[in-house]
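Here's the letter readout for the chains.
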Amino acid sequence: MIGIGVAGIAGFGALAASIRRSEVAAVDQTITSRLQAIHSPALERAMVLASWFGFAPQSRVLPPAYAAVLWVLQCRLEAVFQLAAWGTAPLATVIKAFVRRPRPSAGEELRVVAAPLEGSSFPSGHVLTYVGVYGWLAIVAQRLVRPPRLRRLVVAALTTLIAAVGPSRIYLGHHRPSDVAASYLLGSSYLAALFLAYRRISSRGALR
């Protein structure tokens, strides 16, 4: 876990530095063009659905609701850490305020689906928040859901949502691939640190 955290932060830093020097613009454009070249109503609906959880008001209601459910189920430590996992949302906001990377703009080679977008482009708030919130839920499900089939189903659904949100942000034209990749890297580091803290505290029997 420590290795994942260090590698994620290092990768995020490298990408942040590269966008400052505009070194990834061509790669971003190539990936975006190829992804958006796939014209499919079903795919577009799937991409819109994958991003839906990250827009307000649901993005402000669902994460604390997950924590509340865990608390009611007597998973109090997990509930507290669920709120901590939601810290990826304000983290994204803070980084956006410093980087101020303009969002992609629609043109001949880029399609942007209308949406209530906030903040600058780097990093992707959707991706960073999903990795924290739904990544933590996947960890909780893996540890606490007893029936094996149900556990596998829940974990698979959550990891699929996390995996899908990145491509959805690119496909809809709301972010560049480098925004998304950086968010996955930083989110993985955040989640790894969260899990290490949880494992240490749970071993002491706190909030049980």
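Residues numbered from 1 in each chain as written. Predicted model: local features only at pLDDT ≥ 70, side-chain atom pairs only at ≥ 80, totals over all residues. Heavy atoms only, no water.

### Digging into the side chain of S178
Now for step 1: You can see S178 is positioned in helix α9 (residues 177-202).
Now for step 2: Other than its neighbours up to four places away in sequence, S178 contacts L15, I19, V24, D28, R101 and F122. (Helix = DSSP H or I, 4+ residues; strand = E, 2+ residues; numbered from the N terminus. Contact = heavy atoms within 4.5 Å.)

### Considering the packing of aromatic side chains
Now for step 1: This model, assessed by the stated rule, comprises eight aromatic pairs.
Now for step 2: With a centroid separation of 6.2 Å and an interplanar angle of 70°, the aromatic rings of F53 and Y134 are classed as edge-to-face. Of the two residues, F53 sits in the loop between α3 (41-52) and α4 (58-72) while Y134 sits in helix α7 (residues 125-144), which places them 81 residues apart along the sequence.
Now for step 3: When its relative accessible area of 23% is taken as the criterion, F53 is described as partly exposed.
Now for step 4: Residue classification places Y134 among the buried positions, given a relative accessible area of 5%.
Now for step 5: Ring-pair connections join several aromatic residues into one group, and the members of that group are W52, F53, Y66, Y130 and Y134. (Phe/Tyr/Trp six-rings, centres within 6.5 Å; stacked < 30°, edge-to-face > 60°. Buried < 20%, exposed > 50% of the residue type's maximum accessible area, 1.4 Å probe, protein only.)

### Focus on the environment of V131
Now for step 1: Summarising the element assignment, V131 is placed in helix α7.
Now for step 2: Judged by relative accessible area, which is 5%, V131 ranks as buried.
Now for step 3: C-alpha separation for the pair V131 and W86, spaced 45 residues apart in sequence, amounts to 9.5 Å.
Now for step 4: With residues near it in sequence (within four places) discarded, V131 still touches W136, I162, Y184, G187, S188 and L191.

### Regarding the pattern of salt bridges
Oppositely charged side chains can form a pair if their charged atoms are brought close together.
Now for step 1: Applying the stated rule across the entire model yields two salt bridges.
Now for step 2: Between D28 and R101 there is a salt bridge, and its shortest N-O distance comes to 3.2 Å. Separated by 73 residues along the polypeptide, D28 in helix α2 (residues 25-36) and R101 in the loop between α6 (88-99) and α7 bring together distant segments of the chain. We note that D28, like R101, is buried.
Now for step 3: Ionic pairing is found between D179 and R101, a salt bridge with its closest N-O pair at 2.6 Å. On the criterion of sequence distance, the pair formed by D179 in helix α9 and R101 in the loop between α6 and α7 is long-range, its members being 78 residues apart.
Now for step 4: According to the relative accessible area criterion, R101 is buried, its value standing at 12%. (Salt bridge = Lys/Arg side-chain N within 4 Å of Asp/Glu carboxyl O.)

### Comments concerning the environment of V145
Now for step 1: Among the structural elements, V145 can be located in the loop between α7 and α8 (148-171).
Now for step 2: Under the relative-accessibility criterion, V145 is labelled partly exposed at 22%.
Now for step 3: Sequence spacing of V145 and V180 is 35 residues, and the spatial spacing of their C-alpha atoms is 30 Å.
Now for step 4: Not counting residues up to four positions away in its chain, the partners in contact with V145 are V140, L150 and R151.

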